[in-house]
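Summary of structural features
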Amino acid sequence: MCVRSSEINLSRVDSFKDQKQVGEAMVYEIIFSDYHDKFSDSQRLFLIKKYHAVLHYYRLKNKLPSSIFTLYGKYGGIKGQLFYILRELKWKFTK
């Protein structure tokens, strides 16, 4: 890992906000498309929850070939899909 210091701090600069949001979502997309086999089902479920939250928070569309609901079912079973439904309902009614 390399660490670089400069006058431009990306975490504080609002002009890069859109790129940071898309970049954060892309990290999860890369994990699920290229490295999903490196994680256990419980780890995948944890990551899908984080990815789902990122998509909702930044109002981004899912770019994965599988829908988020399908991934919840695949890695969390019926409990995972129920979690998805409850989370979506919560977000819908707590705006």
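Note that the structure is a prediction, hence the values are computed from the model and not measured.

Reading guide: rules and limits
Residues numbered from 1 in each chain as written. Predicted model: local features only at pLDDT ≥ 70, side-chain atom pairs only at ≥ 80, totals over all residues. Heavy atoms only, no water. Axes fitted to C-alpha atoms, helices over the stretch in contact; angles between N-to-C directions. Helix = DSSP H or I, 4+ residues; strand = E, 2+ residues; numbered from the N terminus. Left-handed = near helix turned anticlockwise from the far one by under 90°. Contact = heavy atoms within 4.5 Å. Nonpolar A, V, L, I, M, F, W, Y, C, P; charged D, E, K, R; others polar. Buried < 20%, exposed > 50% of the residue type's maximum accessible area, 1.4 Å probe, protein only. Expected span 1.5 Å × (residues − 1). Arc of directions from axis to C-beta. Core = buried A, V, L, I, M, F, W, Y, C linked by side-chain atoms within 4.5 Å.

It is the contact of helix α2 (residues 41-58) with helix α3 (residues 68-93), at a shortest axis distance of 10 Å, that shows an interaxial angle of 35 degrees. For α2 against α3, the interelement crossing comes out right-handed. Within the contact between the two elements, α2 uses Asp-41, Arg-44, Leu-45, Ile-48, Lys-49, Tyr-51, His-52, Ala-53, Leu-55 and His-56 and α3 uses Ile-68, Leu-71, Tyr-72, Tyr-75, Gly-76, Phe-83, Tyr-84, Arg-87, Glu-88 and Trp-91. In the contact of α2 with α3, the residues fall into twelve nonpolar, three polar and five charged.

Time to look at the side chain of Gln-21. Within the fold, Gln-21 resides in helix α1 (residues 17-34). Judged by its relative accessible area of 13%, Gln-21 falls in the buried class. With residues near it in sequence (within four places) discarded, Gln-21 still touches Tyr-58 and Leu-60.

This paragraph deals with α1. Between its terminal C-alpha atoms α1 stretches 26 Å, which fits the 26 Å expected from 18 residues at 1.5 Å a residue. Of the residues making up α1, those classed as buried are Gln-21, Ala-25, Tyr-28, Glu-29, Ile-31 and Phe-32. All buried residues of α1 fall inside an arc of 160 degrees around its axis, so they share one side. Structurally, α1 contributes buried residues whose contacts are with α2 and α3.

With that out of the way, let us pick up the nonpolar core. Across soluble globular proteins, nonpolar side chains have a tendency to be buried as a group. Core analysis: the largest hydrophobic core is formed by 16 residues, its most contacted members being Phe-32, Ile-48, Tyr-51, Ile-68 and Tyr-72. For this core, the secondary-structure elements that each account for two or more residues are α1, α2 and α3. A total of six residues in this core trace back to one element, the largest contributor, which is α2. Sequence-distant contacts of Ile-48, defined by excluding residues within four places in its chain, comprise Phe-32, Ile-68, Leu-71 and Tyr-72.

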